Amino acid sequence: MKKLANGHPNTWYAASAKSLPEFRSLECDVDTDVCVVGGGYTGLSAALHLAERGRSVLLVEKERIGFGASGRNGGQVGSGQRLDQHALERTVGDTAAARFWNAAEDAKTLVARLIERHSIACRYKPGVVTAAWTQKEARNQQAYARHLERRYGYEKNEPLDRKSMERFIGSKVFAGGVVDWGAGHLHPLEFASGLARAAVGAGATICESTAIESIDDVGSGVVLRTDNCRIRSGKAIIACNGYVGGLCDAIEARVMPINNFIAATEPLGDLGKEILPFDSAAFDTRFVVSYFRKSEDGRLLFGGGENYRSKFPSDIARLVRRPMTKIFPQLRSASIDYAWGGTLAITVNRMPFFIRPSSNILSASGYSGHGVALACMAGRILADSVSSSSSEFELFSGLEAPKFPGGPALRKFLLAAALSWLSFKDRL
């Protein structure tokens, strides 16, 4: 994927960001209390919270801050975990399921508090629609909303019938669903940049263009090495999500990178007035999810399609146009000005994977497409866990975290086969 002059991928987010802070690369050996590896939401949140507590923090990022999924995603700040509460209640019981729900609610609150406290101009707007393709799916979504209200006191979901859905979305294809007014959407790269500024303002040091080649727990601390520098740190946080790149086998066995794709149309003008007129975001109920929202300059930002290879398709715009025009046939002639891919990370159980690979190393990743709020929360939990035990860290790390089957040679092949079958079922 081509990069802009500012070093970020050629996305609408990078082109529309008001200002992106730049940081030097690491050029000498350094000592620090905590070294954070990865400049996405998890790492930035961890660095910010640690610096606010007076710890010396060095965050290193191989590319630019927000270069990965944190700067390329759909921008949706969703409710709950990626695994729904029904599934959590079945697998971990009612008490633990309630704790996971409360953690996700706290994650949304954390995002709102960070935006307000640090004046992050990421253009947050409320409202996320779950758009169901069939009447059965619509009834299921509305029943789930009632369950959330009864069991957890969550009263921010509004049911939508077919006619209401058409009014909310600007498309006739959906049978109904719900709109969650407690969820929302934002400019993801501006949010990442704002977190970086806040972390530096609190006293953290950030180095971009700095790739970590090895991490060794030496008992008394951690030694991290780049191609020409050594970092001696009391603790290390691995916050790389889909970009672990050989730093930790235990993470790579359980957290799988996959690619997802987004297109930004031209500004739609009058053509776009009927599309998402309430300025909510939306996603559908298929396994390979389509998700969409409008930009402040009147474009449709539409995400759809996945692959599991190391390279992106040669024509991302064509790939995304197919599901986009199925939902919005009125956009068949609309130009696509930007089209990009991003690498996120999934887990077998679709829950975040928290791990302490050794006594002085911690990590969280694998948000499975639900990471804007959860990754910020994870960074705060990791910061809490650096100095003392954390009940939230224990909650997440205590979940059974299956390895992807097949070992390093086969796991991507097996995953691609399984997800291709589920995608085929979507089309049927």
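The structure contained in this document is the topic of the report that follows. Please read these numbers as outputs of a predicted model, since none were measured by experiment.

## Structural notes on the side chain of Thr-42
Next, step 1: Tracing the backbone through its elements, the reader meets Thr-42 in helix 2 (residues 41–52).
Next, step 2: A relative accessible area of 5% places Thr-42 in the buried class.
Next, step 3: In this structure the side chain of Thr-42 is engaged in a polar contact, spanning 2.7 Å, whose partner is the side chain of Tyr-367.
Next, step 4: The residues contacting Thr-42, other than those within four sequence positions of it, are Ala-239, Ala-364, Tyr-367, Ala-375, Ala-378, Gly-379 and Leu-382.

## Some thoughts on unusual backbone geometry
Next, step 1: One non-glycine residue, Leu-276, lies in the positive phi region at around 45°.
Next, step 2: Position of Leu-276 relative to the elements: it lies in the loop between strand 11 (256–265) and strand 12 (281–284).
Next, step 3: If you check the backbone angles, Arg-350 has positive phi at about 65° while not being a glycine.
Next, step 4: In this structure Arg-350 comes out as buried when scored by relative accessible area, which is 18%.

## Concerning the packing of helix 2 against helix 10 (residues 371–387)
Next, step 1: In contact at an axis separation of 7 Å, helix 2 and helix 10 are set at 40° when each is read in the N-to-C sense. The pairing of helix 2 with helix 10 is recorded here as oblique in orientation. Taken as a pair, helix 2 and helix 10 cross one another with a handedness that is right-handed. From helix 2, Tyr-41, Thr-42, Ser-45, Ala-46, His-49 and Leu-50 reach across to helix 10, where they touch Gly-371, Val-372, Ala-375, Cys-376, Ala-378, Gly-379, Arg-380, Leu-382, Ala-383 and Val-386.
Next, step 2: Within the contact of helix 2 with helix 10, the residues separate by chemical class into 10 nonpolar, five polar and one charged.

## Section: the pattern of salt bridges
Next, step 1: Under the criterion given, the structure shown has 18 salt bridges.
Next, step 2: One salt bridge connects Arg-55 with Asp-33, and the closest N-O pair in it is separated by 3.7 Å. Taken together, the residues span a long stretch of sequence, with Arg-55 in the loop between helix 2 and strand 2 (57–60) and Asp-33 in strand 1 (residues 30–37) at a distance of 22 residues.
Next, step 3: One salt bridge in this structure joins Glu-89 and Arg-151, with 3.4 Å as the shortest N-O distance. Taken together, the residues span a long stretch of sequence, with Glu-89 in helix 3 (residues 85–92) and Arg-151 in helix 5 (residues 135–152) at a distance of 62 residues.
Next, step 4: Take Arg-151: its relative accessible area is 40%, and that puts it in the partly exposed class.
Next, step 5: Through salt bridges that share partners, Arg-53, Arg-380, Asp-384 and Glu-392 make up one connected network.

## Some words on the packing of helix 4 (residues 94–117) against helix 10
Next, step 1: Two numbers describe how helix 4 lies on helix 10: the axes approach to 8 Å, and their chain directions differ by 90°. One finds that helix 4 runs roughly perpendicular with respect to helix 10. Counting all contacts with helix 4, which are made through Ala-103, Ala-104, Ala-107, Lys-108, Leu-110 and Val-111, the residues of helix 10 involved are Val-372, Ala-373, Leu-374, Cys-376, Met-377 and Arg-380.
Next, step 2: Of the residues belonging to the contact of helix 4 with helix 10, the class tally is 10 nonpolar, no polar and two charged.

## Brief notes about helix 5
Next, step 1: For helix 5, spanning 18 residues, the distance from its first C-alpha to its last is 25 Å, which sits close to the expected 26 Å at 1.5 Å a residue.
Next, step 2: Listed as buried for helix 5 are Ala-138, Gln-142, Tyr-144, Ala-145, His-147, Leu-148 and Tyr-152.
Next, step 3: Against helix 3, helix 4, strand 4 (125–132), strand 5 (157–160) and strand 6 (176–185) lie the buried residues of helix 5.
Next, step 4: Phi for Gly-153, located one or two positions after helix 5, is positive at around 70°.

## Quick look at the nonpolar core
Next, step 1: Grouped together as the largest cluster of nonpolar side chains are 62 residues, with contacts concentrated most on Tyr-41, Leu-44, Leu-186, Phe-191, Leu-195, Ile-237 and Phe-396.
Next, step 2: Looking at this core, the element that brings in the most residues is helix 10, giving 11 residues.
Next, step 3: Apart from residues lying up to four places away in sequence, Leu-186 is in contact with Gly-75, Val-77, Val-111, Ile-115, Cys-122, Arg-123, Tyr-124, Phe-191, Arg-293 and Val-372.
Next, step 4: Residues Val-129, Ile-169, Val-179 and Val-320 belong to the second largest nonpolar core, which totals 26 residues.

## Structural notes on the packing of aromatic side chains
A ring pair, where both rings are aromatic, is described by two values, the distance of the centres and the angle of the planes.
Next, step 1: Taken as a whole, this structure holds 14 aromatic pairs when the rule is applied.
Next, step 2: Judged by centre distance (4.8 Å) and plane angle (65°), the ring pair of Trp-133 and Phe-174 falls under edge-to-face. Pair noted here: Trp-133 is in the loop between strand 4 and helix 5 and Phe-174 is in the loop between helix 6 (162–169) and strand 6, with a separation of 41 residues, a long-range link. The two residues Trp-133 and Phe-174 agree in class, both being buried.
Next, step 3: An aromatic cluster of three or more residues is present, and its members are Phe-100, Phe-354, Phe-393 and Phe-396.
Next, step 4: Stacked on the ring of Phe-67, the Lys or Arg Arg-72 has its end atom at 4.8 Å from the ring centre.
Next, step 5: Its guanidinium or amino end placed over the ring of Phe-393, Arg-356 lies 5.4 Å from that ring's centre, counting from NZ or CZ.

Thresholds applied
- Residues numbered from 1 in each chain as written.
- Predicted model: local features only at pLDDT ≥ 70, side-chain atom pairs only at ≥ 80, totals over all residues.
- Heavy atoms only, no water.
- Helix = DSSP H or I, 4+ residues; strand = E, 2+ residues; numbered from the N terminus.
- Buried < 20%, exposed > 50% of the residue type's maximum accessible area, 1.4 Å probe, protein only.
- Polar contact = N/O pair within 3.5 Å; in protein donor to acceptor, adjacent residues only side chain to side chain.
- Contact = heavy atoms within 4.5 Å.
- Axes fitted to C-alpha atoms, helices over the stretch in contact; angles between N-to-C directions.
- Parallel < 35°, antiparallel > 145°, perpendicular 65-115°, else oblique.
- Left-handed = near helix turned anticlockwise from the far one by under 90°.
- Nonpolar A, V, L, I, M, F, W, Y, C, P; charged D, E, K, R; others polar.
- Salt bridge = Lys/Arg side-chain N within 4 Å of Asp/Glu carboxyl O.
- Expected span 1.5 Å × (residues − 1).
- Core = buried A, V, L, I, M, F, W, Y, C linked by side-chain atoms within 4.5 Å.
- Phe/Tyr/Trp six-rings, centres within 6.5 Å; stacked < 30°, edge-to-face > 60°.
- Lys NZ or Arg CZ within 6 Å of the ring centre and 35° of its normal.

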